Amino acid sequence: MVVGDVTTAVDVLVIGAGPGGYVAAIRAAQLGRHVTLIDQGPPGGTCLHRGCIPLKALLSASERYQQICSEELAVMGIHAEEVSFDWASMQVWKKSVVDRLAEGVQRLVAGNHIDYIHGTGWFINAQEVRVEGEHGSLRFKFEHCIIATGAEAAPISGLPYDGKHVLTPEQALILPELPEALSIVGDDYIALELATLFARLGVKVKLYSPGEHLLADVDPVALRFVQAGLRKLGIQITTKATMESIAERPVVISQGVCPRTPGLHLNDVGIEATTNSGIKVNSMQQSNVPHIFAIGDCTGGRALASIAMKQAKVAAEVLSGQRVQFAPLVTPLVVHTTPELAAVGSTAEEATKAGYNIVTGRFPLAANGRALTLGTDNGLAMLVANADDGTLLGATLVGPRAGDLIGQTTLSIEMGATLTDLSEILYAHPGLSETVLEAAEGALGRAIHMLARG
Ligand SMILES: Cc1cc2nc3c(=O)[nH]c(=O)nc-3n(C[C@H](O)[C@H](O)[C@H](O)COP(=O)(O)OP(=O)(O)OC[C@H]3O[C@@H](n4cnc5c(N)ncnc54)[C@H](O)[C@@H]3O)c2cc1C
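Residues numbered from 1 in each chain as written. Predicted model: local features only at pLDDT ≥ 70, side-chain atom pairs only at ≥ 80, totals over all residues. Heavy atoms only, no water.

**Regarding the site of the ligand**
Formally: The nearness test applies per residue and asks whether one of its heavy atoms lies within 4 Å of the molecule or strand. Within 3.5 Å is the distance limit for a polar contact, defined as a pair of N or O atoms, with the added protein rule that one can donate a hydrogen and the other accept it, and that residues adjacent in sequence qualify only through two side-chain atoms. To be clear on the numbers: accessible area is Shrake-Rupley with a 1.4 Å probe, and residue cover counts the displayed protein chains and nothing else. Under this grouping Gly is polar, as are all residues other than the nonpolar Ala, Val, Leu, Ile, Met, Phe, Trp, Tyr, Cys and Pro and the charged Asp, Glu, Lys and Arg.
Near the ligand lie 35 residues; those nearest to it are Gly20, Asp39, Thr46, Lys56 and Ala305. Contact distances for the ligand include 2.9 Å between an oxygen atom and a backbone N or O atom of Gly20. A distance of 3.2 Å is found between an oxygen atom of the ligand and a side-chain nitrogen or oxygen belonging to Gln40. Taking 990 Å² as the accessible area of the ligand by itself, protein coverage stands at 91%. Per-class residue counts for the shell around the ligand are 16 nonpolar, 14 polar and 5 charged.

This is the structure in structure tokens:
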């Protein structure tokens, strides 16, 4: 007990202002709740300040550099001489992107009349949270609480992260100087994106995958394009690697995350945990203590900002009296490599294993007018559908803007659209989305710009 401790009664208390926490706060405020949002830092969390946005900004900058240096530009009649880059300036530009977005989030928080408290929060009991921060020690009694404290790089036994020799992905993005060589351990999208980023900038990259394959669950045909792209950048790939076999430094380790829950004193509240120390929730994001919710990475589920943001809306709506659930049929995955890959739903193998009688359609980028006008023919669109009724089960896209194009197929799967639905609508021409049209028509045996198989 702190001397002179005053308890402030609040309506909805959100701990953590990452994409989960700030979205939950805004949605609850939209629904008329009075929200207090707590974070040790500015709103935006891992995704905005240290993860998705910084990585994608640096990937864009490195992609432009690589394109300017590539022979493809010369083929288009563009000759660039003495092209160079400057890592420090790239970092400044990256920060300007982050700062601009962070300012926007701050304005949204203020504009929704959300009280923002800088500090670290933990539970005193199932009704109260203490916050230690720049305002001293504060005590809040809440009606509802949403925990959105995120996750951090999973510790590797005997290899402490020091930001210099052994790095987390976040630390790799703020290296003060580019190393001559870099080893990366991991087989997820972050490992592949980091490898792509550094290799594009001339770093000698070795990628060590603990598993047999990179990007488990991605269709092997699509994966071949990505692997070829990594090799073209000079990245050496070793599969089935063990940590002991990797002696080079610096090394970046992208081996998943563990929920940031230890400091919350969840035991004092009786909140149940998952096997990986996440907060156990039901499909309405409620913990076993019904007025306490948890969202995003701290639940120990798949660590994606897209998931955190959707769960945030569900939690805010449920505690405001709405009957909603977090129940997406599919989760899109995007990998910003060269070429870019995006996948959603089942691969042909997964759908077959699940017992579906399937039909597939495939269309190469090389036969798409827009792709050739963009100067690329490297990629394809692949669709998997239920042969019995034509409903779309999965899509894998490889090529420019695959990550943006995947939205259409995600919506199609969620809405139960069929191959016929996909082939009946009008597609802007020339457009990359026409590869989806042609893949759908191909599965129906009537693609126009591709000869029928067999
Ligand atoms: C390099 C990298 C790249 C990524 N790229 C992508 C991507 O392309 N797409 C994608 O979907 N996801 C990506 N992610 C994952 C994404 O960043 C996370 O899934 C997402 O940020 C999770 O959101 P969250 O709100 O659950 O947690 P976080 O964003 O981690 O936010 C948690 C917040 O809680 C605060 N906090 C923690 N404990 C306390 C406490 N006790 N009191 C007060 N505040 C506290 C923290 O300061 C933090 O701001 C990437 C991650 C990394 C590291």
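**Structural notes on the side chain of Glu340**
For the record, the criterion: The way it works is that DSSP assigns letters per residue, a run of H or I at least four long becomes a helix, a run of E at least two long becomes a strand, and they are numbered from the N terminus. Partly exposed residues are those whose accessible area sits between 20% and 50% of the maximum for their type, while under 20% is buried and over 50% is exposed, using a 1.4 Å probe and protein chains only. Residues scored as positive are Lys and Arg, those scored as negative are Asp and Glu, and His as well as the terminal groups of each chain are ignored. Whenever a carboxyl oxygen of Asp or Glu lies within 4 Å of a side-chain nitrogen of Lys or Arg, that contact is scored as a salt bridge. Residues are treated as being in contact if the distance between any of their heavy atoms lies within 4.5 Å.
Of note, Glu340 is situated in the loop between β14 (333-335) and β15 (341-345). No salt bridge is formed by the buried Glu340; its nearest oppositely charged neighbour, Arg401, is found at 5.3 Å. A polar atom in the side chain of Glu340 sits 2.8 Å from the backbone nitrogen of Gly403. Residues contacting Glu340, with those up to four places away along its chain left out, are Val334, Val335, Leu397, Val398, Gly399, Arg401, Ala402, Gly403 and Asp404.

**Quick notes on helix α1 (residues 19-30)**
Test applied: Here the expected span of a helix is defined as 1.5 Å times the quantity of residues minus one.
Along its 12 residues, α1 runs 16 Å from first to last C-alpha, staying within 8% of the 16 Å computed at 1.5 Å per residue. Most of α1 is tucked away: 11 of the 12 residues are buried. Looking at α1, one finds that the buried residues are Pro19, Gly20, Gly21, Tyr22, Val23, Ala24, Ala25, Ile26, Arg27, Ala28 and Ala29. Count one or two residues on from α1 and you reach Gly32, which has phi positive near 90 degrees.

**Looking at unusual backbone geometry**
Between Thr338 and Pro339 the backbone carries a cis peptide bond, its omega angle lying at 0 degrees. By the element assignment, Pro339 lies in the loop between β14 and β15. Even without being a glycine, Leu215 presents a positive backbone phi close to 45 degrees. By the element assignment, Leu215 lies in the loop between β9 (204-208) and α8 (220-232). One non-glycine residue with positive phi stands out, namely Gln285, at about 70 degrees. Checked against the element boundaries, Gln285 lands in the loop between β12 (257-259) and β13 (292-294). Look at Gln285 and you get buried, because its relative accessible area is 2%.

**Side note on the state of the cysteines**
Stated formally: The rule for a disulfide is simple: a pair of cysteine sulfur atoms within 2.5 Å.
Inspection of the entire model under this criterion finds 1 disulfide. A sulfur-sulfur distance of 2.3 Å marks the disulfide that ties Cys47 to Cys52. Between Cys47 and Cys52 the sulfur-sulfur dihedral comes to about -130 degrees; the bridge is accordingly left-handed. Residue Cys47 is classed as buried on the basis of its relative accessible area of 17%. As a non-bridged cysteine, Cys145 has Cys298 as the owner of its nearest cysteine sulfur, 9.9 Å distant. Judged by its relative accessible area of 0%, Cys145 falls in the buried class. The closest cysteine sulfur to the non-disulfide-bonded Cys258 is located on Cys298, 12 Å from its own sulfur.

**Some thoughts on the packing of helix α3 (residues 52-69) against helix α5 (residues 87-111)**
Let me state the cut-off plainly: The axes used here are C-alpha line fits, helices contributing only the stretch in contact, and every angle between their N-to-C directions lies in the interval 0 to 180 degrees. When an angle is under 35 degrees it counts as roughly parallel; over 145 it counts as roughly antiparallel; between 65 and 115 it counts as roughly perpendicular; any other value is oblique. What makes a crossing left-handed is the near helix being turned counterclockwise from the far one by less than a right angle; a clockwise turn instead makes it right-handed.
Closest axis-to-axis distance for the α3/α5 pair is 9 Å, and the angle between their directions is 135 degrees. Classified by the angle between their axes, α3 and α5 sit oblique to one another. At the point where α3 passes α5, the crossing takes the right-handed sense. Here Ile53, Pro54, Ala57, Leu58, Ala61 and Ser62 of α3 lie close against α5, whose contacting residues are Trp87, Met90, Gln91, Trp93, Lys94, Val97, Val98 and Leu101. In terms of residue class, the contact of α3 with α5 is built from 11 nonpolar, 2 polar and 1 charged.

**A few points about the nonpolar core**
Quick note on the threshold: The term nonpolar core refers to a set of buried residues drawn from Ala, Val, Leu, Ile, Met, Phe, Trp, Tyr and Cys, joined through side-chain atoms within 4.5 Å.
In terms of nonpolar packing, the biggest core is built from 43 residues, with Ile184, Phe198, Leu207 and Ile235 touching the most fellow members. When residues of this core are assigned to their parent elements, the largest contribution, 7 residues, is made by helix α7 (residues 189-200). Not counting residues up to four positions away in its chain, the partners in contact with Leu207 are Ile184, Gly186, Ala191, Leu192, Ala195, Leu214, Leu230, Ile235, Gln236, Ile237 and Thr238. Counting residues in hydrophobic clusters, the runner-up holds 31 residues, among them Val12, Ala29, Val314 and Leu319.

**Quick notes on the sheet that holds strand β11 (residues 251-253)**
Strands belonging to one sheet form pairs held by backbone hydrogen bonds; the direction of such a pair is parallel or antiparallel. The following threshold applies: Strand pairing is defined by DSSP finding a minimum of two bridges between the two strands.
What the 5 strands build is an open sheet, ordered β7-β11-β8-β9-β10; its pairing is parallel. Pairing within the sheet leaves two strands with one partner each, and these edge strands are β7 (166-167) and β10 (236-238). Looking at chain direction, β9 and β10 are connected through 3 bridges and run parallel. Each residue of the ladder has a partner; that of Lys206, found in β10, is Gln236. Here α7 sits on the sheet and contacts β8 (181-185), β9 and β11; the angle it forms with β9, its principal contact strand, is near 165 degrees.

**What to know about the pairing of strand β17 (residues 380-386)**
The buried fraction of β17 amounts to 7 of the 7 residues, a majority that puts the element mostly inside the structure. Of the two faces of β17, the one carrying Leu380, Met382, Val384 and Asn386 and the one carrying Ala381, Leu383 and Ala385 are both buried. Judged from the 7 bridges that link them, strand β16 (residues 358-364) and β17 form a sheet pairing that is antiparallel. By the bridge assignment, Arg362 is partnered in β17 with Met382.

**Let's talk about the packing of aromatic side chains**
How we decide: For this analysis, a ring pair means two rings from Phe, Tyr or Trp (six-membered ring only for Trp) whose centres lie within 6.5 Å, classed as stacked if their planes differ by under 30 degrees, edge-to-face if by over 60, and tilted for the remaining angles.
Evaluation of the coordinates by the stated rule reveals 3 aromatic pairs. Ring centres 4.8 Å apart and planes at 65 degrees place the aromatic pair Tyr65 and Phe85 in the edge-to-face group. Residue Tyr65 is located in helix α3, and its partner Phe85 is located in the loop between α4 (71-75) and α5; the two are separated by 20 residues in the primary sequence. On the basis of relative accessibility, which here comes to 18%, the residue Tyr65 falls in the buried class. For Phe85, a relative accessible area of 28% gives the class partly exposed. Between Trp87 and Phe198 the ring centres are 5.9 Å apart and the planes differ by 50 degrees, which places this aromatic pair in the tilted class. Here the residue Trp87 occupies a position in helix α5, and Phe198 occupies one in helix α7, the gap between them amounting to 111 residues. Using a relative accessible area of 0% as the deciding quantity, one classes Phe198 as buried.

Function cannot be inferred from these measures alone, as they are strictly geometric.
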